[in-house]
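# Residue-level structural notes
Each chain, letter by letter, is given below.
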Amino acid sequence: MRLSIVIPLLNEEESLTELSHWIARVMATHGISYEIIFIDDGSTDNSWEIIRQLSESQPEIRGIRFLRNFGKSQALHAGFKAAQGALVATMDADLQDNPEEIPAMMQMIEADGFDMVSGWKKKRYDSVLMKNLPSKLFNWAARKTSGVQLHDFNCGLKVFRKEVVKSIEVSGEMHRYIPVLAKNAGYRKIGEQVVQHQARKFGKTKFGPDRFIKGFLDLITVWFVSKFGKRPMHLFGALGVLMFIIGFGFALYLGIDKLFFNPTGRLVAQRPEFYIALTSMIIGTQLFLAGFLGEMLLRVRITQERYSIYESLNLNRTPEGVFQREKV
């Protein structure tokens, strides 16, 4: 199989039929063997029944249904795990991403040797104040922090080599930073292509203004994990030792001054330097212990349940209608 198309969704019943037929026309035109993996992230409308009906007429369609809403990152993780194609594409289910862009992005990977290609919605049909300006600020901060020179980190339309998506861990709200995760995993040939942005045809966006606040917090997390995720002692231990040395220096000064230069002066505990020394040494010890505990947690890592799959369709070519429960 040449291409797997991973599509997370939440309450998109109006667009699923049109989207699947649109993808099928594009793939047939270009002669691309493919599969579509719909991940229903806890929809409360008729989305799953539509996916089930589509899978009966289109054998290329697979389906994963979450027990409840776990978030886009978890949906992508499940889709990446199930993908079988040599290349993997991601796109949104709201018809704002154009599947006709995918063949050209695939060509950049197959002919030009890119590890992944990300879309760039250069012209957007979103609110300037609520989405466009915050998005520009967010993308500028992401470029400066990560070193990945993309104009649109959060574009849902992306194409990867299969090895890339199998090598990265997409969790929490980290779907915005998949290019950064790919770079940190060693895949540094990351390309970009201007893509057409469609105005939303049905429903309304599932993301509010708070996504930018969460995005910036996640950006700090990605930066920290990429720098010190494997050796937290390098940060916390160094800061702890520095603070302890500062505190110890003040304590040593107070002791020498009291013993040899000013033995009849005021008590050590009455001098402000004493509290600076005490606070610095306590903070230094705590930072050092934080680094030590971080190192221990890395060596005893506990795998927690990230999402629950309630039902799946046609995964791994299983017979249609087989009911599956899976904990991941």
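Heads up: the structure comes first, above all this text.
Let us look at the structure shown here. Residues take numbers from 1 onward in each chain, read along the sequence in its written order. In keeping with the predicted nature of the model, local features appear solely for residues at pLDDT of at least 70, side-chain atom pairs appear and are counted solely at 80 or more, and the whole-chain, interface and lining totals rest on all residues. In computing side-chain properties, one takes all heavy atoms of the structure into account and sets aside hydrogens as well as water.

## Quick notes on the packing of aromatic side chains
By convention, a stacked pair of Phe, Tyr or Trp rings (six-membered ring in the case of Trp) has centres within 6.5 Å and planes under 30 degrees apart, an edge-to-face pair has planes over 60 apart, and any other such pair is tilted. Counting across every chain of the model gives three aromatic pairs. Measuring from centroid to centroid gives 5.7 Å for Phe66 and Phe70, while their planes differ by 85°, and the two rings are edge-to-face. Ring geometry for Phe274 against Tyr275: centres 5.2 Å apart, planes inclined by 85°, an arrangement best described as edge-to-face. Over the ring of Phe114 we find Lys189; its NZ or CZ atom is 5.4 Å from the centre of that ring. Only when the NZ of Lys or the CZ of Arg is both within 6 Å of the ring centre and within 35 degrees of the ring normal is a charge said to sit over the ring.

## Considering the pairing of strand β1 (residues 3-9)
Taken across its seven residues, β1 has seven buried, putting it largely inside the fold. Each residue's exposure class comes from its accessible area (1.4 Å probe, protein chains only) as a fraction of the maximum for that residue type: buried when under 20%, exposed when over 50%, partly exposed otherwise. Runs of E in the DSSP output that reach at least two residues are strands. Runs of H or I that reach at least four are helices, and both are numbered from the N terminus. Burial along β1 is two-sided: Leu3, Ile5, Ile7 and Leu9 and Ser4, Val6 and Pro8, pointing in opposite directions, are all buried. Two strands qualify as a pair provided that DSSP identifies no fewer than 2 bridges between them. As paired strands, β1 and strand β2 (residues 34-40) are joined by seven bridges and run parallel to one another. Paired with Pro8 across the strands is Ile39, a residue of β2. We call a crossover right-handed when, viewed with the strands running away from us, the connection from the first strand over the helix to the second turns clockwise. Each parallel crossover has a hand, and for β1 linked through helix α1 (residues 16-30) to β2 it is right-handed. Across four bridges, β1 lies against strand β4 (residues 87-90) in parallel orientation.

## Examining empty space enclosed by the protein
Both cavities and pockets are sets of points on a 1 Å grid over the protein atoms alone; in a cavity a 1.4 Å probe fits but cannot get out, in a pocket the set is open with protein on both sides within 12 Å along at least five of seven lines, and lining residues sit with an atom within 4 Å of a point. Grid points are joined across faces, edges and corners, and a volume is the space filled by probe spheres set on the points. Scanning the entire structure with this criterion turns up three cavities of 30 Å³ or more. The volume enclosed by the largest cavity comes to roughly 100 Å³. Looking at the largest cavity, it is lined by 13 residues, and the ones nearest its centre are Lys72, Leu76, Thr90, Cys155 and Gly156. Counting only elements with at least two residues in the lining of the largest cavity, the list comes to β1 and α3 (72-82). Residues are grouped as follows: Ala, Val, Leu, Ile, Met, Phe, Trp, Tyr, Cys and Pro are nonpolar; Asp, Glu, Lys and Arg are charged; every other residue, Gly included, is polar. Class assignment of the residues belonging to the lining of the largest cavity gives a composition of six nonpolar, four polar and three charged.

## Some remarks on a nonpolar patch on the surface
A contiguous nonpolar surface patch, about 650 Å² in accessible area, is contributed by Val241, Ile245, Phe288, Leu289, Phe292, Leu293 and Met296. Put simply, the parts of the chain that give the nonpolar patch at least two residues each are α9 (233-261) and α10 (272-299). Looking at the nonpolar patch element by element, the count peaks at five residues for α10. Along the chain, Val241 turns up in helix α9. Patches were defined on residues exceeding 30% relative accessible area and lacking a salt bridge, with like-charge contacts within 9 Å and nonpolar side-chain contacts (Val, Leu, Ile, Met, Phe, Trp, Tyr) within 5 Å. We get accessible surface area from the Shrake-Rupley algorithm with a probe of 1.4 Å; when it comes to residues, only the shown protein chains can shield them. A pair is scored as a salt bridge if a Lys or Arg side-chain nitrogen falls within 4 Å of a carboxyl oxygen belonging to Asp or Glu.

## Brief notes about the nonpolar core
Counting 36 residues, the largest nonpolar core has Leu3, Ile5, Ile7, Ile23, Phe38 and Ile102 as the members making the most contacts within it. Among the secondary structure elements, those contributing two or more residues to this core are β1, α1, β2, α2 (47-57), β4 and α4 (102-112). Remark: nonpolar core denotes a set of buried residues (Ala, Val, Leu, Ile, Met, Phe, Trp, Tyr, Cys) joined through side-chain atoms within 4.5 Å. If you look at the next biggest cluster of nonpolar residues, it comprises 34 residues, including Ile64, Ala75, Leu150 and Phe153.

## Considering unusual backbone geometry
One non-glycine residue, Asn11, lies in positive phi territory at about 55°. Inspection of the secondary structure assignment puts Asn11 in the loop between β1 and α1. The backbone phi angle of Leu95 is positive, close to 70°, even though this residue is not glycine. Topologically, Leu95 is positioned in the loop between β4 and α4.

## Considering the pattern of salt bridges
Applying the stated criterion across every chain yields a total of ten salt bridges. Glu110 is paired through a salt bridge with Arg2; the nearest N and O atoms lie 2.7 Å apart. On the criterion of sequence distance, the pair formed by Glu110 in helix α4 and Arg2 in the segment before β1 is long-range, its members being 108 residues apart. Residue Glu35 is joined to Arg62 by a salt bridge in which the shortest nitrogen-to-oxygen separation is 3.0 Å. Here Glu35, found in strand β2, pairs with Arg62, found in strand β3 (residues 61-66); they are 27 residues apart in sequence, far enough to count as distant. Taking the relative accessible area as the measure of exposure, Glu35 reaches 0% and is therefore buried. Within this structure, Glu49, Arg52, Arg65 and Glu311 form a network of salt bridges that share partners.

## A few points about α9
Here, expected helix span is obtained from the residue count minus one, scaled by 1.5 Å. For α9, with 29 residues, the first-to-last C-alpha span of 39 Å sits near the 42 Å given by 1.5 Å per residue. Those residues of α9 that sit buried are Met233, Gly237, Gly240, Gly247, Leu254 and Asp257.

## A closer look at the packing of α1 against α2
Throughout, an axis means a line fitted to C-alpha atoms (over the contacting stretch in the case of helices), and angles, computed between N-to-C directions, take values from 0 to 180 degrees. Orientation of α1 relative to α2, taken along the N-to-C sense of each, is 35°, at an axis distance of 10 Å. Handedness of the crossing formed by α1 with α2: right-handed. Contacts from Leu16, Thr17, Ser20 and His21 of α1 reach α2 at Ser47, Ile50, Ile51 and Leu54. Residue composition of the contact of α1 with α2, by class: four nonpolar, four polar and no charged. Crossings are classed by handedness, with left-handed meaning an anticlockwise turn of the near helix from the far one by less than a right angle and right-handed meaning a clockwise turn. Pairs of residues are marked as contacts when any of their non-hydrogen atoms sit within 4.5 Å.

## Details of the environment of Cys155
Its location among the elements puts Cys155 in the loop between α5 (128-146) and β6 (158-161). Sequence spacing of Cys155 and His197 is 42 residues, and the spatial spacing of their C-alpha atoms is 9.6 Å. When residues no more than four places from it in sequence are discounted, the contact partners of Cys155 are Gly119, Trp120, Lys121 and Val195.

## Side note on the environment of Val148
With respect to the helices, strands and loops of the structure, Val148 is situated in the loop between α5 and β6. It is 8.6 Å that separates the C-alpha atoms of Val148 and Arg188, two residues lying 40 residues apart in sequence.

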